[in-house]
Amino acid sequence: MHERPLDGPLPAAYPVAGAPPRQPDGDRVPCPSRPDRATLTRRQYAYGLTVALVVLVLLLLGIFG
């Protein structure tokens, strides 16, 4: 394996024949936007509240029990 010297610059980059096209410069790649999130239903709020209450009761039983 060919290693570059530690204090030298990186070797130049050349395009590869038959390779896919380059990505645009920067950190963003074009892609379709995501749809907006659906709003929560009453059932989801009820489940969340029920779980929160059960956790709270178990926590209180563990502290004072």
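Residues numbered from 1 in each chain as written. Predicted model: local features only at pLDDT ≥ 70, side-chain atom pairs only at ≥ 80, totals over all residues. Heavy atoms only, no water.

Secondary structure assignment for the protein yields 1 helix and 0 strands. Relative to its full complement of 65 residues, the protein shows a buried share of 0%. Accessible area of the protein: about 7400 Å², with a carbon and sulfur share of 64%. (Helix = DSSP H or I, 4+ residues; strand = E, 2+ residues; numbered from the N terminus. Buried < 20%, exposed > 50% of the residue type's maximum accessible area, 1.4 Å probe, protein only. Areas by Shrake-Rupley, 256 points an atom, 1.4 Å probe, with all protein chains shown as cover.)

This paragraph deals with helix H1 (residues 42-64). For H1, spanning 23 residues, the distance from its first C-alpha to its last is 33 Å, which sits close to the expected 33 Å at 1.5 Å a residue. Of all 23 residues in H1, 0 are buried, a share of ten percent or less. (Expected span 1.5 Å × (residues − 1).)

What follows concerns a nonpolar patch on the surface. Residues Leu49, Leu53, Leu56, Leu59, Leu60, Ile63 and Phe64 make up a contiguous nonpolar surface patch of roughly 750 Å² in combined accessible area. With respect to the helices, strands and loops of the structure, Leu53 is situated in helix H1. Owing to a relative accessible area of 47%, Leu53 belongs among the partly exposed residues under this scheme. (Patch = residues over 30% accessible without salt bridge, like charges linked within 9 Å, V, L, I, M, F, W, Y side chains within 5 Å. Salt bridge = Lys/Arg side-chain N within 4 Å of Asp/Glu carboxyl O.)

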